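# Overview (structure and organization)
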Amino acid sequence: THGISRLRQASGSTGLILQAMSERADALGYSLALFNMLQKDLKPSQVNRIIKVRGIQGLIIGRTDHPNRSFLEGIDWEPITAVRVGRRPQWPPVTRVDHHQYATIQLILGKMLLRGYRRIGLYHQRSNLKALAFYPEAAYQHLLNRVSRTQAYPTFYSDVRSRESMIEWADQYQFDAIISN
């Protein structure tokens, strides 16, 4: 659990996820340690040695946009159990765990509607939605257009419009709640 509390403070929801992963690992008799593979002078051979010397049994690989795929290819993946969390990195070829964007938005909206929220906005980055095949927006439009006493509102794209215009957007529609990425 080394470094988890430090990351939790700095990274918001990512830190909460790591905290939960750490607690579950502890309950199962394992420990979770953070390791930054983006260190400038780090070489794949060093990563292989660290894994072997520390007796690491598995890796959970969080989102990384590692600039050098050959670095990741230089790590010996065969002797370790590894899983990628999220859509990135696309490599190494290990099991990938991710939530289904469409189902997640439908679940969130369903719970919000049960709590009485009716004016619900969607705040997202257009570039992210494109990478997600617009599943979050499709789920938002689909569910809210089916439910009486509510409606879907225009999505606010944070990478297309200014931060100041977000306030205008929220004021215009008087949302009860806003879902954001």
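This is a predicted model, so every value here is computed, not measured.

### Details of the overall build of the protein
Looking only at helices and strands, the protein has 8 helices and 6 strands in total. Scanning the protein from its N terminus toward the C terminus, one meets helices and strands in the order α-α-α-β-α-β-β-α-β-α-α-β-α-β. With 181 residues in all, the protein has 32% of them scored as buried. When contacts within the protein are restricted to residue pairs at least 6 apart in sequence, those whose partners lie at least 24 apart make up 56%. Carbon and sulfur atoms provide 51% of the accessible area of the protein, an area that totals close to 12,000 Å².

### Section: the confidence of the model for the protein
In the predicted model, the protein carries a mean pLDDT of 76, and the fraction of residues at 70 or more is 76%. Helix H1 (residues 4-11) is the least confidently modelled element of the protein, averaging 46 in pLDDT, while helix H3 (residues 44-53) averages 89, the highest of any element. Segment residues 1-10 is flagged for pLDDT under 50; beyond a separation of four residues in sequence, or across chains, it makes 19 contacts in the model.

### Topic: the nonpolar core
Side chains of nonpolar character tend, in soluble globular proteins, to be buried together. Core analysis: the largest hydrophobic core is formed by 19 residues, its most contacted members being Ile 105, Leu 109, Ile 120, Tyr 140, Leu 144, Trp 169 and Ile 179. For this core, the secondary structure elements donating two or more residues are helix H5 (101-114), strand E4 (120-124), helix H7 (135-146), helix H8 (163-173) and strand E6 (177-180). Excluding its chain neighbours within four sequence positions, the residues that come into contact with Leu 144 are Leu 109, Leu 113, Ile 120, Thr 150, Gln 151 and Ala 152. Counting residues in hydrophobic clusters, the runner-up holds 12 residues, among them Met 37, Phe 71, Trp 77 and Ile 80.

### Some points on the packing of H5 against H7
Where H5 contacts H7, the axes come no closer than 8 Å and their chain directions differ by 40 degrees. Taken together, the axes of H5 and H7 lie oblique to each other. For the pair H5 and H7, the sense of crossing is right-handed. For the pair H5 and H7, contact is made by Gln 101, Tyr 102, Ile 105, Gln 106, Leu 109, Gly 110 and Leu 113 and by Tyr 135, Pro 136, Ala 138, Ala 139, Tyr 140, His 142, Leu 143 and Leu 144, respectively. Classifying every residue of the contact of H5 with H7 by side-chain character gives 11 nonpolar, 4 polar and no charged.

Rules used in this analysis
Residues numbered from 1 in each chain as written. Predicted model: local features only at pLDDT ≥ 70, side-chain atom pairs only at ≥ 80, totals over all residues. Heavy atoms only, no water. Helix = DSSP H or I, 4+ residues; strand = E, 2+ residues; numbered from the N terminus. Buried < 20%, exposed > 50% of the residue type's maximum accessible area, 1.4 Å probe, protein only. Contact = heavy atoms within 4.5 Å. Areas by Shrake-Rupley, 256 points an atom, 1.4 Å probe, with all protein chains shown as cover. pLDDT = per-residue confidence, 0-100. Core = buried A, V, L, I, M, F, W, Y, C linked by side-chain atoms within 4.5 Å. Axes fitted to C-alpha atoms, helices over the stretch in contact; angles between N-to-C directions. Parallel < 35°, antiparallel > 145°, perpendicular 65-115°, else oblique. Left-handed = near helix turned anticlockwise from the far one by under 90°. Nonpolar A, V, L, I, M, F, W, Y, C, P; charged D, E, K, R; others polar.

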